[in-house]
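# Per-entry structural report
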Amino acid sequence: LAEISKAAWKMDYEQLQVLFQNWRNRAFACRGTVIDVVRDGDTSYMIMDVGNTSRQLVVLENQTTNTSPTPGRRYLAYAYVDGQYMYNSAYYPKLIALYIDYSS
């Protein structure tokens, strides 16, 4: 946790949407409210709103943590960029969660 939190970039949502291919495997700190949890086969995806004033959605693939997030709660996740994922007919940045915990 200490290593990834030190290496994680602050969320830059606008650039992440554009540069997700160039930023593959770059770690980000994602702080926000989980608005939905989607299951696709054996994989669980958290849809998180990381925006402060407007809705900014990221999709977190929860494959390495034991956390079962609850929609409506705030979390802090450290995750690395993996590509894009379609949610509700739109593409959003997809990240692989390495660590997830409740946030205030």
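The coordinates are above.
Let us look at the structure shown here. (Residues numbered from 1 in each chain as written. Predicted model: local features only at pLDDT ≥ 70, side-chain atom pairs only at ≥ 80, totals over all residues. Heavy atoms only, no water.)

Attention now moves to the pairing of strand β4 (residues 57-61). Counting buried positions along β4 gives five out of five residues, so the element sits mostly inside the fold. Both faces of β4 are covered, namely the face carrying Leu57, Val59 and Glu61 and the face carrying Val58 and Leu60. Pairing of strand β3 (residues 43-49) with β4 involves five bridges; the strand directions are antiparallel. Residue pairing for β4: isoleucine 47 is matched across the bridge by valine 59. Bridge count between β4 and strand β6 (residues 90-102): three bridges; the pairing is parallel. Within β6, the position partnered with glutamate 61 by the bridge is isoleucine 96. (Buried < 20%, exposed > 50% of the residue type's maximum accessible area, 1.4 Å probe, protein only. Helix = DSSP H or I, 4+ residues; strand = E, 2+ residues; numbered from the N terminus. Pairing = 2+ DSSP bridges.)

A few words now on the pattern of salt bridges. The tally for this structure, following the rule as stated, stands at three salt bridges. Here arginine 24 ties to aspartate 82 by a salt bridge, and the two come within 3.6 Å at their closest N and O atoms. One end of the pair, arginine 24, is in the loop between α2 (13-19) and β2 (27-40); the other, aspartate 82, is in strand β5 (residues 74-87), and 58 residues separate them in sequence. For arginine 24, a relative accessible area of 36% gives the class partly exposed. (Salt bridge = Lys/Arg side-chain N within 4 Å of Asp/Glu carboxyl O.)

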